[in-house]
Amino acid sequence: MNPLVSIICLCHNHSRFIREALNSVINQTYNNIEMIIVDDASTDNSAKIISEYIHKNQFLPIKQNIGNCAAFNMGLSLAKGEFVIDFATDDVLVKERVALQVEAFKKLDKSYGVVFTDAVYIDEHSEFLGYHYNRINNEVQSGDVYKEILERYFICPPTMMIRKQVLDDLGGYDEQLAYEDFDFWVRSARSYKYYYLDKALTYRRIVSNSHSVKFTNAGDDRMIRSTYLVCNKAFKLNRNEIENKALAKRVRYEMRQAFFTENFDLSRDFARLLKKINYLDWFHRIIELLSKINIRVSRLHSWYYRLKYGK
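Quick notes on the rules
- Here the residue index of a chain counts from 1 through its sequence in written order.
- Per-residue local features of the predicted model are confined to residues with pLDDT of at least 70, and side-chain atom pairs are confined, for both listing and counting, to 80 or more; whole-chain, interface and lining totals are unaffected and use all residues.
- Processing note: side-chain calculations cover all non-hydrogen atoms of the structure and skip hydrogens and water entirely.
- The helix count covers DSSP runs of H or I at least four residues long, the strand count covers runs of E at least two residues long, and both are numbered beginning at the N terminus.
- Multiplying one less than the number of residues by 1.5 Å gives the expected span of a helix.
- Summary of the burial criterion: residues with accessible area below 20% of their type's maximum are buried, those above 50% are exposed, and those between are partly exposed, where the area comes from a 1.4 Å probe applied to protein chains only.
- Residue contacts are counted whenever heavy atoms from the two residues lie within 4.5 Å of one another.
- To define a nonpolar core, start from buried Ala, Val, Leu, Ile, Met, Phe, Trp, Tyr and Cys residues and group those joined through side-chain atoms within 4.5 Å.
- Salt bridges are counted wherever a side-chain nitrogen of Lys or Arg sits within 4 Å of a carboxyl oxygen of Asp or Glu.
- Lines fitted to the C-alpha atoms define the axes, with helices restricted to the stretch that makes contact. Angles between their N-to-C directions range from 0 to 180 degrees.
- Handedness of a crossing follows from how the near helix is turned relative to the far one, being left-handed for an anticlockwise turn of less than a right angle and right-handed for a clockwise one.
- We call Asp, Glu, Lys and Arg charged. Ala, Val, Leu, Ile, Met, Phe, Trp, Tyr, Cys and Pro are nonpolar, and the rest, Gly among them, are polar.
- N or O atoms within 3.5 Å of each other form a polar contact, as long as, within protein, one can give a hydrogen and the other can take it, and as long as residues adjacent in sequence are counted only when both atoms are side-chain atoms.
- Throughout, the term roughly parallel applies to angles under 35 degrees, roughly antiparallel to angles over 145, roughly perpendicular to angles from 65 to 115, and oblique to all others.

Things to note about helix 8 (residues 222-237)
Part 1: With 16 residues, helix 8 should reach 22 Å at 1.5 Å per residue; the first-to-last C-alpha distance of 23 Å fits that figure.
Part 2: Here helix 8 has its buried residues at Ile224, Ser226, Thr227, Tyr228, Val230, Cys231, Asn232 and Ala234.
Part 3: The elements touched by buried residues of helix 8 are helix 5 (146-151), helix 7 (181-189), helix 9 (241-260) and helix 10 (264-276).

Have a look at this one:
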């Protein structure tokens, strides 16, 4: 018999898309799936629509919004599958996705904890926007991806199928964080290998007000604060100078983001972390100095134009 796959469907105000999403789970060619639907305090018509799907499926309605990490963990507590998919209900699964990822896992040993794939990006009207990976040069690393994960973003999160043992080992997602993927990648890739299946098996929807496309606003440090906490975890997990160098590349980028969004305290925190790993260069020392005196980017622009144009 095929192994059970638990698909944890996370909803928050997805009423426009949820039927298409849930139908894409129901219509999978794979025949051994449990669907766990978690509604994280939607204020639209989502819960009513979900009620049409609860026959033979588990439904967890949450009265107060608790965020993706905690909502997923609630669903995970009910999951009985050997493999798990974290599925946002504004995305869509290709009908062969589960079957192909399980088939890939069957060919891998248990040192592999995640199978991920390419994705097609679509807009709010399901119009094609592009692929996650460049289709001309689509070579993506498999195996030990820990260093690669520290250095750059390359995995499309909703494409992952995860061995449940991995999530059990980690205790699920870290509920203290504002988002889950970077932390999950760092902690899981330290102990498990990843396999890239070169097929586009998920339609990832880009919605203007969605969690995945929000950029941190000035003074709003939730996302960057979470990234800082994960970078500290990674520093403790690192085993050699090559990994420290990869982490430093990420930290320098995040330090700049903190500065340009005027999260000056966090910019200084990233500078302190760079000092710990001995990679604070002259350019980021200048950013650290500007952060200490809370120099706004708009003021820097003003000074630049005064010097250049004498205004």
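Describing the nonpolar core
Part 1: Formed by 59 residues in total, the largest nonpolar core has its most connected members in Phe116, Ile149, Met160, Phe184 and Tyr194.
Part 2: The dominant element in this core, judged by the number of residues it contributes, is helix 9, at 7 residues.
Part 3: Ranked by size, the runner-up nonpolar core spans 29 residues in total, among them Cys9, Cys11, Phe87 and Leu197.

Here we look at the pattern of salt bridges
Part 1: In the structure shown here, the tally under the stated rule is 18 salt bridges.
Part 2: The shortest N-O distance in the salt bridge between lysine 233 and aspartate 183 comes to 2.8 Å. Taken as a pair, lysine 233 in helix 8 and aspartate 183 in helix 7 lie far apart in primary sequence, 50 residues in all.
Part 3: Owing to a relative accessible area of 2%, aspartate 183 belongs among the buried residues under this scheme.
Part 4: Here lysine 275 and glutamate 288 are joined by a salt bridge, their closest N and O atoms 2.9 Å apart. A residue pair is termed long-range when its members are at least 10 positions apart, and lysine 275 in helix 10 and glutamate 288 in helix 11 (residues 282-292) qualify at 13 residues.
Part 5: Assessed through its relative accessible area of 41%, lysine 275 is described here as partly exposed.
Part 6: Residue glutamate 288 is classed as buried on the basis of its relative accessible area, which comes to 8%.

Structural notes on the packing of helix 10 against helix 11
Part 1: Between helix 10 and helix 11, the shortest axis-to-axis distance is 9 Å and the interhelical angle comes to 145 degrees. For helix 10 against helix 11, the interelement crossing comes out left-handed. Contacts between helix 10 and helix 11 involve Phe264, Ser267, Arg268, Ala271, Leu274 and Lys275 from the former and His284, Ile287, Glu288, Ser291 and Lys292 from the latter.
Part 2: Of the residues contributing to the contact of helix 10 with helix 11, the split by class is 4 nonpolar, 3 polar and 4 charged.

Overview of the side chain of arginine 190
Part 1: Along the chain, arginine 190 falls in the loop between helix 7 and strand 9 (193-205).
Part 2: Residue classification places arginine 190 among the buried positions, given a relative accessible area of 11%.
Part 3: Within the structure, arginine 190 has its side chain in polar contact with the side chain of glutamate 243 (distance 2.9 Å).
Part 4: Not counting chain neighbours up to four residues away, the residues in contact with arginine 190 comprise Tyr146, Leu237, Asn238, Arg239 and Glu243.

Notes on the packing of helix 8 against helix 9
Part 1: Where helix 8 meets helix 9, the closest approach of the two axes is 11 Å, and the angle between their N-to-C directions is 165 degrees. Overall, the two elements helix 8 and helix 9 adopt an arrangement that is roughly antiparallel. Both helix 8 and helix 9 take part in a crossing whose hand is left-handed. Facing Ile224, Thr227, Cys231, Ala234 and Phe235 of helix 8, the residues of helix 9 in contact are Asn244, Leu247, Arg250, Val251, Glu254, Gln257 and Ala258.
Part 2: Taken together, the residues that form the contact of helix 8 with helix 9 break down as 7 nonpolar, 3 polar and 2 charged.

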